[in-house]
Amino acid sequence: MASHGARGRGGGRPTLEEVAARAGVGRGTVSRVINGSPRVSDVTRAAVEAAVAELGYVPNTAARALAANRTDAIALVVPESETRFFAEPYFSDMLRGVGAAISDTEMQLLLIFAGSDRERQRLADYLAAHRVDGVLLVSVHADDPLPDMLARLEIPAVISGPRSAEETLTSVDSDNYGGARQAVEHLVGRGRRRIAHITGRLDVYGAQRRVDGYRDALRDAGHPESDLMIEAGDFSEEGGRRAMAALLERHPDLDAVFAASDVTAAGARHALREAGRRIPEDVALVGYDDSAIARHMDPPLTSVRQPIEEMGRRMIDLLLAEVADRRPAASRELDRRQVVLATELVERTSS
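Residues numbered from 1 in each chain as written. Predicted model: local features only at pLDDT ≥ 70, side-chain atom pairs only at ≥ 80, totals over all residues. Heavy atoms only, no water.

Now for the packing of aromatic side chains. A full pass over the atoms with the stated rule returns 6 aromatic pairs. Taking 6.4 Å as the distance between ring centres and 50 degrees as the angle between the ring planes, the aromatic pair formed by Phe258 and Tyr288 counts as tilted. Of the two residues, Phe258 sits in strand S8 (residues 256–259) while Tyr288 sits in strand S9 (residues 284–289), which places them 30 residues apart along the sequence. A relative accessible area of 0% means that Tyr288 is categorised as buried. Its end group placed over the ring of Tyr288, Arg210 keeps NZ or CZ at 3.7 Å from the ring centre. (Phe/Tyr/Trp six-rings, centres within 6.5 Å; stacked < 30°, edge-to-face > 60°. Helix = DSSP H or I, 4+ residues; strand = E, 2+ residues; numbered from the N terminus. Buried < 20%, exposed > 50% of the residue type's maximum accessible area, 1.4 Å probe, protein only. Lys NZ or Arg CZ within 6 Å of the ring centre and 35° of its normal.)

Set out below in structure tokens:
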């Protein structure tokens, strides 16, 4: 018996027509079977599947996507430098969640950096050509032009955290306000009275909400506004070190610090040790993210856990729903969702 292998007539790749001839059905019937349509009898489905197996036919997914006006590609866009992306655990955890969710689909994931004007222009040209079905936008700043550009191009998009309370795009975020309150209430409960806060970048709405949580937690604990000790950071280790040094110079009697990220807390720890302060005996320290950094610090860092991988998975779910929604863009806007996931304080010996 001759072996058919994976070649059709003429020695080339088997075609849909050859599968139809082998199965004794029409081309449209083969297409319905391949696409999982229920409008095919079991006998016919079995005949087509046997012909596919005998010929070694592989569906042309590119042609199917083109016919459906789809690219079967999703872009994960990070408006930051590659250096920051690989330095901060937040991004790798987000990528892990997105990758796990998209692995169950036929979509391809493209990672695109857009931290400079040149990269943003290149991205704009790429997206204008409709080379992706949708975009996940991570680490969005208040003045970032990318979300509005995506809206103009009517490209389905989901962002990790809203730009403001009036966000118009679908977003997925953690409870930044509640997480900050948890951190500060924990420090107050441990008897700390001079609690400082090193912020993240304040053009990021999530960082603003962490400041709000810090302020309200101290106020509700009976601390006057004059007790607030806030120093701007940027989520980086060096930013945490600089901010901590500035706080110690102005407030040498501080006894606790809530840092807006674990990376920032690592920088603050260096400055505290350089100043001869013991953690937690002299100064208690709490971070945010509950990344691997928190577990490996000395002493291990108390941190607010935000479910970053789950955020990535939810972003994919929402984006694929938007991609599948064939309604006009104006109608889809009515269903924009702002998803907020709960945080959890993980206590360790730094506090």
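Having seen it, we continue.
So, about the pattern of salt bridges. Within this structure, the stated rule accounts for 27 salt bridges. A salt bridge links Arg163 to Glu167, with the shortest nitrogen-to-oxygen separation between them at 2.7 Å. On the basis of relative accessibility, which here comes to 11%, the residue Glu167 falls in the buried class. Residue Arg209 is joined to Asp212 by a salt bridge in which the shortest nitrogen-to-oxygen separation is 3.0 Å. With Arg209 and Asp212 both in helix H10 (residues 205–220) and 3 residues apart, this pair spans about one turn of that helix. For Arg209, a relative accessible area of 26% translates into the label partly exposed. One continuous salt-bridge network, built from bridges that share partners, spans Asp93, Arg96, Glu309, Glu310 and Arg313. (Salt bridge = Lys/Arg side-chain N within 4 Å of Asp/Glu carboxyl O.)

We now examine the sheet that holds strand S1 (residues 73–78). Read across the open sheet, the 6 strands follow the order S2-S1-S3-S4-S5-S11; overall the sheet is parallel. Looking along the sheet, the strands with just one partner apiece sit at the ends: strand S2 (108–113) and strand S11 (338–341). Across the sheet, the mean angle from the axis of one strand to that of its neighbour is 20 degrees, orientation sign disregarded. Summarising the sheet, S1 and strand S3 (residues 134–137) pair through 4 bridges and their orientation is parallel. Bridging from a neighbouring strand, Ala75 pairs with Val135 of S3. Most of the contacts of helix H7 (residues 117–128) go to S2, to which it runs at about 150 degrees, and overall it touches S1, S2 and S3. Set on the sheet, helix H14 (residues 308–324) makes contact with S1, S3, strand S4 (157–159), strand S5 (170–174) and S11; between it and S5 the angle comes to about 170 degrees. (Pairing = 2+ DSSP bridges. Axes fitted to C-alpha atoms, helices over the stretch in contact; angles between N-to-C directions. Contact = heavy atoms within 4.5 Å.)

Residue Pro280 is bonded to the preceding Ile279 through a cis peptide linkage, with omega at 5 degrees. With respect to the helices, strands and loops of the structure, Pro280 is situated in the loop between helix H12 (262–274) and S9. Of note, the amide linkage connecting Asp298 to Pro299 takes the cis form, showing an omega dihedral of 0 degrees. Tracing the backbone shows Pro299 in the loop between helix H13 (292–296) and strand S10 (302–305). Phi is positive for Phe235, which is not a glycine, with a value near 75 degrees.

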